[in-house]
Structure formats: C-alpha cells, structure tokens
Amino acid sequence: MSKVIVVTSGKGGVGKTTTSAAFASGLAAKGYKTAVIDFDVGLRNLDLIMGVERRVVYDFVNVINGESTLKQALIRDKRVDNLYILPASQTRDKDALTTEGVESVINELKEDGFDYIVCDSPAGIEKGAFMALYFADEAIVVTNPEVSSVRDSDRILGILQSRSRAAEQGGTVKEHLLITRYSPDRVEGGDMLGMDDIVEILSVPLIGVIPESESVLQASNSGNSVVLDEQSHAGQAYTDVVARFLGEDVPLRFIDVQPKKGFFKKLFG
C-alpha cells in the first residue's frame, strides 16, 4: 500500500529539501519504488540538489494542467534505482496547485505502484505548503535547534492536526521529528537548544538527529544526495533515519560531545 510522506517545517532554510532528497534516496536504495515531488512552485530547488536540473522538460504544474503526462514529467534518478523526481515549475504561481490536481497526481503515482510518495514542502503556511501536507499519511517535521525554528514547527504541527485530509476525516497524520544542523559542542556551550528540550517542547517522536556538517553543503552543490555519502556523519545519520522509519531499532549517533584529540593522537591516529 502506497504511503504519502510530507517533509515540512514552519521556517525556511532548515534543510527540508536536503531531507526530502536524502529520505527519498534512502527509501529507494532499500528497494522501494519512490517518487519525490517538489511543491515549491515558483522557486524549485529539489532538481538542483538531486542533480537533474538539466533534464527537466515538464513539471508538476504541466501534469496538473494536462499539458504533459505524469510519465513525461517524472525524471528517473541515474544513481539510485526505483527513484523518480517530479520537479516544480519555476514560472507559475502557487495558485496553480489545486486540491483536485494534486490528488489526481498522487492517485496516479499510487496506481503506478509507487511504495512511497515524498512531498517536499515549501516553508511557511502558504498554499504550496498546505497542498504538500493535505494528503499526507505521515509527516517528517524538520527543525533546527533554535527557538524560532522550534516555535514555527509547533505551528505546522497544529495545521497537520487540524487541516490535513486525515484530520478532516477524523484520523491523524503520523508525525516524526527530525532535528538538523545539530552541534553537541554548541549545545553544551548554551548556544543551541538540546535534543531533549526540543522533544519536550514539541512532544513528537524523534526519528533522527542530523549533525552540523560541511558534507551537506558539498553534496547539495554537487547535485548528490548526502545520504549517498557513506563516509560523512550526516549521510550516516540520514541512513539511520530511513532505517528507523522502516521499523528498525537503530540507536542515535552524533549527539554527544566528542573528546578532543591530543597532539599524539592527531599525529598517529
């Protein structure tokens, strides 16, 4: 049975698109047929992060308007089998997304045998964000360890609980909390909120903690999902997130302050 997962947050710049790319790539690498949809109409970044920007011919809005078929617009990833990207339009307005149109695309993906449909939501609570979360079965709420980001995530949780289709039908969207750009050293120094504090404030089950890492930016700039970088801590952490989502019991990593190496340890490893 297909599942629709929205990757969302209230604040921009917290790593939603990076997370959408990594999460979708991780699911596909596990053998699940996965589509990831960019809902950020007018901006469009998912295709850049996934390295397919030169292969975009048709987009999400073209499909909704009947200007192309879904198969024409879907871009198959060349590095990960079972992974497909549906880019957003750069030239249309967010009002181009309609409830009926989005539902039609999602239903067609389900009929085509996709196991997971990952919706990359724009920031905030405007129409694109609402459309991305409306049909969700599950939600990954992305937050940074700072007060404003956590507060905005709390607002998104309220919308998920009241305005999603599941809520309208008397059900619930299963929620997961993902903390990104986490630095144990800065938490210890009092410059960041701690993991336990964030979980207590939002009261959502924690699915993962992604450490602050240069590899995230490097992967984005090179058009490679960071989850494919098995040497980086961020890539390993995203792999753990996918495993937990699929029901595996995986302990959290990269959440404790690491002891500083002395001179001889640096010299001799």
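First, a word on scope: everything that follows refers to the structure included in this document. Here the structure is a predicted model, which means the values were calculated and not measured.

Broken down by element type, the protein chain carries 13 helices and eight strands. In terms of overall dimensions, the protein chain is globule-like: its C-alpha atoms have a radius of gyration of 18 Å, near the 18 Å expected for 269 residues. Once the C-alpha set of the protein chain is aligned to its principal axes, its extents read approximately 65 × 40 × 35 Å. Here the protein chain holds 269 residues, and the buried ones make up 53% of them. Long-range contacts, defined as pairs at least 24 residues apart, comprise 75% of the intrachain contacts of the protein chain with a sequence gap of at least 6. Of the roughly 12800 Å² that the protein chain leaves accessible, carbon and sulfur atoms contribute 47%. Measuring between centres, the 29 positive side-chain charges of the protein chain sit 4 Å from its 39 negative side-chain charges.

Since the α-helix turns once every 3.6 residues, residues separated by three or four places project in the same direction. Burial in helix α11 (residues 214-222) covers these residues: Ser215, Val216, Ala219 and Ser220. The arc enclosing the buried residues of α11, seen along the axis, measures out at 135°, which places them on a common side. Residues Glu214, Leu217, Gln218 and Asn221 are exposed on α11 and point more than 90 degrees away from its buried face. Buried residues belonging to α11 abut α1 (16-29), α2 (46-49) and α12 (233-245). Positioned one or two residues after α11, glycine 223 has a phi angle of 75°, which is positive.

Our focus in this paragraph is the pairing of strand β8 (residues 206-211). Among the six residues of β8, five are classified as buried, and the element is accordingly described as predominantly covered. Direction of pairing for strand β7 (residues 174-182) relative to β8: parallel, over a ladder of four bridges. Paired with tyrosine 182 across the two strands is proline 211, which belongs to β8.

Quick look at the packing of helix α7 (residues 147-163) against helix α10 (residues 195-202) now. Any two packed helices are characterised by how steeply their axes cross, that is the angle between the axes, and by the distance between the axes. For the pair α7 and α10, the least separation of the axes is 10 Å and the interaxial angle reads 30°. As for how α7 packs across α10, the hand of that crossing is right-handed. Counting all contacts with α7, which are made through Val150, Ser153, Asp154 and Leu157, the residues of α10 involved are Ile198, Ile201 and Leu202. A breakdown of the residues in the contact of α7 with α10 according to their chemical character gives five nonpolar, one polar and one charged.

Within the largest apolar cluster, 48 residues are counted, with the highest numbers of intra-cluster contacts made by Phe39, Phe60, Leu86, Leu97, Val102, Leu109 and Leu160. Once residues within four sequence positions are removed from consideration, phenylalanine 39 is found in contact with Phe60, Leu97, Val102, Cys119, Asp120, Ser121, Pro122, Gly128, Met131 and Ala132. Residues Val52, Ala219, Val226 and Val227 belong to the second largest nonpolar core, which totals 37 residues.

This paragraph deals with the pattern of salt bridges. Side chains that differ in sign of charge can pair as their charged atoms come close. On inspection of all chains with the given rule, the structure shows nine salt bridges. Notably, a salt bridge pairs arginine 165 with glutamate 103, separated by 2.9 Å at the nearest N-O pair. Of this pair, arginine 165 sits in helix α8 (residues 165-168) while glutamate 103 is found in helix α5 (residues 99-111), placing the two residues 62 residues apart along the sequence. Note on arginine 165: relative accessible area 24%, which makes it partly exposed. Looking at glutamate 103, the relative accessible area reads 27%, which means it is partly exposed. Between aspartate 240 and arginine 253 there is a salt bridge whose closest N-O contact spans 2.9 Å. Here the residue aspartate 240 occupies a position in helix α12, and arginine 253 occupies one in the loop between α12 and α13 (263-268), the gap between them amounting to 13 residues. On the accessibility criterion, aspartate 240 (9% relative accessible area) is buried.

Tracing the sequence through the fold places histidine 176 in strand β7. On the basis of relative accessible area, histidine 176 is assigned to the buried category, the value being 9%. Setting aside chain neighbours within four positions, we find histidine 176 in contact with Glu138, Ala139, Ile140, Val141, Val204, Pro205, Ile207 and Phe245.

Across the sheet, eight strands lie side by side as β3-β4-β2-β5-β1-β6-β7-β8; this open sheet has mixed pairing. Of all strands in the sheet, those with a lone pairing partner are β3 (75-76) and β8, marking the two edges. As paired elements, strand β1 (residues 3-8) and strand β6 (residues 138-143) share four bridges and run parallel to each other. Counterpart to threonine 8 in the pairing with β6 is valine 141. Against the sheet, α10 contacts β6, β7 and β8, and its axis sits at roughly 150° relative to β7. In the packing of α12 onto the sheet, the strands contacted are β1, β5 (116-120), β6, β7 and β8, and the crossing angle to β8 comes to about 170°.

Reading the values: rules and limits
- Residues numbered from 1 in each chain as written.
- Predicted model: local features only at pLDDT ≥ 70, side-chain atom pairs only at ≥ 80, totals over all residues.
- Heavy atoms only, no water.
- Helix = DSSP H or I, 4+ residues; strand = E, 2+ residues; numbered from the N terminus.
- Rg over C-alpha atoms; globule rule 2.2 N^0.38 Å.
- Buried < 20%, exposed > 50% of the residue type's maximum accessible area, 1.4 Å probe, protein only.
- Contact = heavy atoms within 4.5 Å.
- Areas by Shrake-Rupley, 256 points an atom, 1.4 Å probe, with all protein chains shown as cover.
- Lys, Arg positive; Asp, Glu negative; His and termini not counted.
- Charge placed at Lys NZ, Arg CZ, Asp CG, Glu CD.
- Arc of directions from axis to C-beta.
- Pairing = 2+ DSSP bridges.
- Axes fitted to C-alpha atoms, helices over the stretch in contact; angles between N-to-C directions.
- Left-handed = near helix turned anticlockwise from the far one by under 90°.
- Nonpolar A, V, L, I, M, F, W, Y, C, P; charged D, E, K, R; others polar.
- Core = buried A, V, L, I, M, F, W, Y, C linked by side-chain atoms within 4.5 Å.
- Salt bridge = Lys/Arg side-chain N within 4 Å of Asp/Glu carboxyl O.

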